[in-house]
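Close look at the chain arrangement
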Amino acid sequence: MLKKYTQLTLNYSVYEYGQSLVIHADCLEWLSIIPECSIHAIVTDPPYGVKEYDFDQLEKKENGKGGIWRIPPSFDGNIRSPLPRFTALNDKERDSLYRFFLEWAKIVIRPICPGGHIFIASNTFLSQLVFQALVDGGLEYRGTVIRLVRTLRGGDRPKNAEEEFDDVCSMPRGCFEPWGIFRKPLLKGMKVSDCLKEFGTGGLRRKPDGNPFEDVIASERTPQRERNIVEHPSLKPQSFLRKIVYASLPLGKGIIVDPFMGSGSTIAAAEAIGYPGIGIERYKDYFEKSQIAIPKLTKIQTEDYQTALEM
C-alpha cells in the first residue's frame, strides 16, 4: 500500500491502516507538493477560528481557562463540552479566516481532479464568509448539506444577567450544522458524463437504495461510545460521516482525503465503506491518537448505510 502511494506520502511520517494512510504533515504544504489531479474528493471539518487549535488555545481549554474556547455552564443537569467562541472573533480575525480559506482553496484546486467534490463542515456564524472565500479561490459552490442535529449549543440567557433577563436567550439554540458542497470546475467543454469516464468524478453517488443523495440529513449527536474511543472537541458521528463519505465518490472509486483529520473519524468512515482514504494531521498528539481511534471507529456498527452495504 505505501509503495503504491509513494508520490503522496513523500518524506513525512506515515502509518497505514487497511486501504488508508495517515500522514503527519501540514495540509497546506502537503497539498501544494503532491501531484496534480491525484485525489478525487475531500471531506473535512477544519478549524474555524483558525486559532482555536493553536497550541496555546488548546492548553487553555484543557486547563478550563477558556481563551477562544467557551466553557459553558451545565444545562438541565447536562455537562456541556467546550466550544469555540466564534462570535468573539473581531474584524481582523474574520478577515484572517477569509484569507486562510481563500489560500486553501487556491492550493487544493490543483491536486484534486476536475469534478472532484469537497464537503466542508461549517457553522451558522461563519459559513457565509468561508463559503465565499472558497468560491473566490476558484471552487464551484454546489449547495449545502443541512445536518439536522439538536445540540446544547446556544439558547443561553445573557451572561452574568441570567436572573435579571430570565425570559431572554442571547442566541437561538443550534439545531443544524451546514456542510458546504463544492466542486473543482470541469474542464472546458466537458460534460459530467465525460468527467466520470475520464476522472471518476463530477457527480455524487446515489444512496445504496438507489435514491438520490439528499441535502438534509437527520443526525444524532456523537454517541458516547464514540467519544469514549477518542477525545476530540469536534468529533462527528460515524452514522453521519459515512453518508457524506459514501456520496463523495460517484463511482465508488478513488482517493478521499481529510486534510484536517483530527482524530481520524473521516478515515474510519472511508474504511468502513471500503474507500481508500488519506488523513493529514499536523498535531502530533492527534496523529498518534488516531492510530488507536481509527480501527475502533471503523468497527462501529451503524444502522442504515452499513447494513445496506453488507447486503
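Refer to the structure presented above.
Procedures and definitions
Residues numbered from 1 in each chain as written. Predicted model: local features only at pLDDT ≥ 70, side-chain atom pairs only at ≥ 80, totals over all residues. Heavy atoms only, no water. Core = buried A, V, L, I, M, F, W, Y, C linked by side-chain atoms within 4.5 Å. Buried < 20%, exposed > 50% of the residue type's maximum accessible area, 1.4 Å probe, protein only. Helix = DSSP H or I, 4+ residues; strand = E, 2+ residues; numbered from the N terminus. Contact = heavy atoms within 4.5 Å. Axes fitted to C-alpha atoms, helices over the stretch in contact; angles between N-to-C directions. Left-handed = near helix turned anticlockwise from the far one by under 90°. Nonpolar A, V, L, I, M, F, W, Y, C, P; charged D, E, K, R; others polar. Salt bridge = Lys/Arg side-chain N within 4 Å of Asp/Glu carboxyl O. Patch = residues over 30% accessible without salt bridge, like charges linked within 9 Å, V, L, I, M, F, W, Y side chains within 5 Å. Areas by Shrake-Rupley, 256 points an atom, 1.4 Å probe, with all protein chains shown as cover.

In this structure, Trp 30, Trp 104, Val 130, Leu 134 and Ile 278 are the most contacted members of the largest nonpolar core, which totals 36 residues. Mapped onto this core, the elements with two or more residues apiece are β2 (20-24), α2 (27-33), β3 (39-44), α4 (91-108), β6 (112-121), α5 (127-136) and β11 (277-281). Excluding residues that lie within four positions of it along the chain, Val 130 makes contacts with Tyr 48, Leu 97 and Phe 101. In this structure, Ala 121, Ile 181, Ala 270 and Tyr 275 belong to the second largest nonpolar core, which totals 21 residues.

As a packed pair, α4 and α5 sit with axes 7 Å apart at the nearest point and diverge in direction by 35°. Note on packing geometry: the crossing formed by α4 with α5 is right-handed. Taken together, the residues of α5 that come into contact with α4 (itself represented by Arg 94, Leu 97, Tyr 98, Phe 101, Leu 102, Trp 104 and Ala 105) are Leu 129, Val 130, Gln 132, Ala 133, Leu 134 and Asp 136. The residue makeup of the contact of α4 with α5, split by class, is 10 nonpolar, 1 polar and 2 charged.

Let's shift gears to the pattern of salt bridges. Per the stated rule, a full pass over the model turns up 10 salt bridges. Glu 140 is the partner of Arg 183 in a salt bridge, and the nearest nitrogen-oxygen pair spans 3.0 Å. Here Arg 183 is found in strand β8 (residues 176-183), whereas its partner Glu 140 is found in strand β7 (residues 140-148), with 43 residues between them in sequence. Overall, Glu 140 belongs to the partly exposed group, its relative accessible area being 25%. The closest approach of N and O atoms between Arg 157 and Asp 166, which form a salt bridge, is 3.0 Å. Within this structure, Asp 45, Arg 147, Glu 177 and Lys 236 form a network of salt bridges that share partners.

Okay, a nonpolar patch on the surface next. A cluster of nonpolar side chains, namely Leu 148, Phe 176 and Val 216, defines an oily patch on the protein surface of about 250 Å² accessible area. Within the secondary structure, Leu 148 sits in strand β7. The exposure class assigned to Leu 148 is partly exposed, which follows from its relative accessible area of 39%.

Geometric descriptors of this kind do not, in isolation, establish any biological role.
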